[in-house]
Amino acid sequence: NGLFVLVLIWSSRSRQKNEPPLDKGPIPWLGHALTFRKDAAKFLAKMKTKHGDIFTLRVAGKYVTVLLDPDSYDAVLYDSVCLDNSQCKNQLLKRIFSLQLPNIKPTTERRWMEQHFQGLSLSRLSISMNTNLQNLLLNDWKGCSPTEWREEGLFSFCYSLLFRAGYLTFFERRNDATAVYKEFRKFDDLLAKLARCSLKRDERRTVMSTQERLWELLSSNWSSEESESNSWQQSYRQFLQEEGVDAEMQNRALLLQLWTTQCNAGPASFWLLGFLLTHPKAMEAVKSEIRGLTLQDSSLQHAPINPLEGLSTPVFDSVLSETLRLSAAVLISREVVQDKILRMANGQEYHLRRGDRVCLFPFLSPQMDQDIHEEPQMFKYDRFLNEDKTEKKIFYKDGKRLKHYTLPWGAGGNVCVGKEFAVTAIKQFVFLVLTHLDLEMCDREAKLPPVNPSRYGFGIVQPDGDLKVRYRLKKTQHE
Ligand code: HEM
């Protein structure tokens with residue numbers, strides 16, 4: 001009965017003057033939860049058509065205001081007084097990683113991350129990543145001949161390589177990276193359902209056992225490698241210890257870090273290579289840029305230590321920006337901790353209620369907004385390139401120049417700290433593949449698989465299915 005009364009109270013909310021349009025959805029309490037979960041991009045696009053750039057939805061008992069005007073995003077991204085990131089984050093950490101780190105201050109954690117992903121640490125990590133990528137890609141043919149074609153799905157080829165190289169880079173383990181990758185993929189495949197509490201019983205069992213297995217794999221060798229101070233994971237453990245985190249939570253936090261550092265670069269590389277393979281003009285433009293670079297610097301042909309430092313690659317950069325525009329779909333959430341007046345770029349003001357949530361979904365706008373990007377569904381490799389081969393940074397909406405014309409890395413205080421590392425890693429990987437391997441689609445007419453719609457909201461989207469490719473070492477590599 002109590003529950004019923006509560007449901008009625010929740011349901012009785014109505015729109016007040018100065019509030020965004022309110023859409024409570026078809027089902028009491030649940031509201032729009034089911035359609036939102038199924039395909040967030042499709043659902044929010046429909047809501048945008050119905051209500052415009054701002055509206056409030058009921059989703060599983062919670063009221064969520066969705067803002068889709070990129071010109072007004074800064075009012076959310078830079079407000080750390082009325083809006084708070086840590087509540088949404090802590091809820092997800094608990095739900096996905098069974099992890100509680102309540103005593104760590106977000107600013108202390110952010111400072112630690114900046115120190116360990118950027119600056120001096122960044123070049124050390126990038127050099128190590130490059131070595132690991134080379135070893136896995138060029139030296140690890142496990143008994144089969146490198147001159148023979150190997151067939152594989154492009155997604156699993158990219159994800160597995162970048163994951164294993166990244167794992168070896170951050171975790172500096174010599175134990176089997178492949179075993180960790182396999183277990184991780186089982187976990188990652190169920191992650192969206194886990195975050196939305198919609199696992200079936202047998203899926204819950206799988207998640208629990210993969211979690212246990214990953215905690216075990218990540219914590220083994222922990223103490224035996226203690227002597228190797230200075231490593232990234234060593235330093236992370238020390239940080240957690242100083243913040244008073246107990247041993248069990250330290251282990252669980254490692255899985256969170258594994259996911260944060262490894263879940264996006266592999267899938268992004270898949271879309272990038274997939275777009276190149278299905279757009280021959282783009283592939284030729286990138287290869288031609290690489291040929292220019294190897295002429296400039298002959299050491300590139302012989303797998304140098306860090307081949308990309310200081311080299312300008314505007315064509316590749318545009319291809320990457322275009323790939324991320326089409327595939328990065330993070331849902332940026334903040335809890336309203338104090339009533340807030342949200343001032344939109346057009347001067348309109350809206351009252352946001354304390355206890356509600358605000359979400360930005362840059363994938364819909366600016367990234368897929370047809371008022372900003374012509375034919376937004378299409379891959380155009382030179383979309384972010386000026387005629388003089390400089391980076392194109394000027395985009396307009398309704399005649400007004402935009403600050404945020406694509407937003408794959410987020411912005412404000414929580415912008416991705418791993419951005420430079422990720423860009424370098426993807427570039428290293430793609431250049432290694434294109435310079436050292438023959439890579440082609442098994443079926444020349446094949447198309448890229450569609451997006452798995454349940455992944456909208458969780459970073460780089462993943463394909464439903466895969467693209468069959470074959471590859472072998474280029475002749476010049478084994479002469
Ligand atoms: C946060 C995107 C790769 C480390 C974020 C956020 C986005 C993002 C959008 C902000 C989320 C929010 O505001 O709620 C991406 C994309 C990547 C990528 C598109 C690859 C294509 C990486 C890599 C690392 C990394 C390789 C580490 C080496 C982090 C960390 C945060 C973060 C630690 C949390 C920052 C904070 O909470 O202050 N990422 N990321 N990311 N990213 Fe990335």
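Procedures and definitions
Residues numbered from 1 in each chain as written. Predicted model: local features only at pLDDT ≥ 70, side-chain atom pairs only at ≥ 80, totals over all residues. Near = placed C-beta within 6 Å. Helix = DSSP H or I, 4+ residues; strand = E, 2+ residues; numbered from the N terminus. Nonpolar A, V, L, I, M, F, W, Y, C, P; charged D, E, K, R; others polar. Pairing = 2+ DSSP bridges. Contact = placed C-beta atoms within 7 Å. Axes fitted to C-alpha atoms, helices over the stretch in contact; angles between N-to-C directions. Domains from an automatic or database assignment. Buried ≥ 20, exposed ≤ 12 C-beta atoms within 10 Å, placed from the backbone.

Q: Please clarify how the site of the ligand should be interpreted in this entry.
A: Around the ligand, the structure places 23 residues, and the nearest of them are Asn264, Gly410, Cys416, Gly418 and Ala422. Elements with a contribution of two residues or more to the shell around the ligand: α6 (106–117), α12 (247–262), α13 (265–278) and α17 (419–436). The element that contributes the greatest number of residues to the shell around the ligand is α6, accounting for three residues. Across the shell around the ligand, the residue classes break down as 15 nonpolar, seven polar and one charged.

Q: Can you help me understand the sheet that holds strand β4 (residues 83–84) in this one?
A: In a beta sheet, neighbouring strands pair by backbone hydrogen bonds and run either parallel or antiparallel. Spatial strand order, β1-β2-β3-β9-β6-β4: six strands in an open sheet with mixed pairing. Two strands lie at the open edges of the sheet, namely β1 (22–23) and β4, each paired on one side alone. Here strand β3 (residues 62–67) pairs with strand β9 (residues 357–360) via four bridges, running parallel. Residue Leu67 lies in a different strand from β9, and its bridge partner there is Leu360. Across the sheet, helix α3 (residues 40–51) is in contact with β1, β2 (54–59) and β3; its angle to β2 comes to roughly 130°. Contacts between helix α5 (residues 86–97) and the sheet are confined to β4, β6 (332–336) and β9, with β6 contributing the most and set at about 115° to the helix.

Q: What am I meant to see in the environment of Met368 here?
A: Secondary-structure assignment places Met368 in the loop between α16 (363–367) and β10 (396–397). In this structure, the C-alpha to C-alpha distance between Met368 and Val245, residues 123 residues apart in sequence, is 41 Å. Other than its neighbours up to four places away in sequence, Met368 contacts Phe363 and Pro376.

Q: Is there a simple way to think about the domain arrangement of the chain in this case?
A: Interface size is often expressed as the accessible area that is lost when the parts come together. Entries for the chain in the domain assignment read domain 1 (2–10 + 18–95 + 341–362) and domain 2 (106–327 + 395–477). Of the residues lining the interface, 18 residues belong to domain 1; the matching set on domain 2 comes to 18 residues. Going through the elements one at a time, α2 (33–38), α3 and α5 are the ones with two or more residues in the side of domain 1 that touches domain 2. Sorting elements by how many residues they give to the side of domain 1 that touches domain 2 places α5 first, with four residues. In the side of domain 1 that touches domain 2, the residues fall into nine nonpolar, three polar and six charged.

Q: Quick question: what am I supposed to make of unusual backbone geometry here?
A: Negative phi characterises most residues that are not glycine, and trans characterises most peptide bonds. In this structure, Pro366 follows Ser365 across a cis peptide bond, with omega equal to 15°. By the element assignment, Pro366 lies in helix α16. Located in the positive-phi region is Cys197, a residue other than glycine, with phi close to 55°. By the element assignment, Cys197 lies in the loop between α9 (177–195) and α10 (201–219). Overall, the presence of 11 C-beta atoms within 10 Å leaves Cys197 in the exposed class.

Q: What is the right way to read the sheet that holds strand β12 (residues 437–441) from this model?
A: Strand order in the open sheet formed by three strands is β5-β13-β12, with antiparallel pairing between adjacent strands. Where the open sheet ends on each side, the last strands, each with one partner, are β5 (150–153) and β12. Each neighbouring strand pair of the sheet contributes to a mean axis angle of 30°, computed without reference to strand direction. On top of the sheet, helix α8 (residues 154–171) reaches β5 and β13 (468–473); it is set at about 90° to β5, its chief contact.

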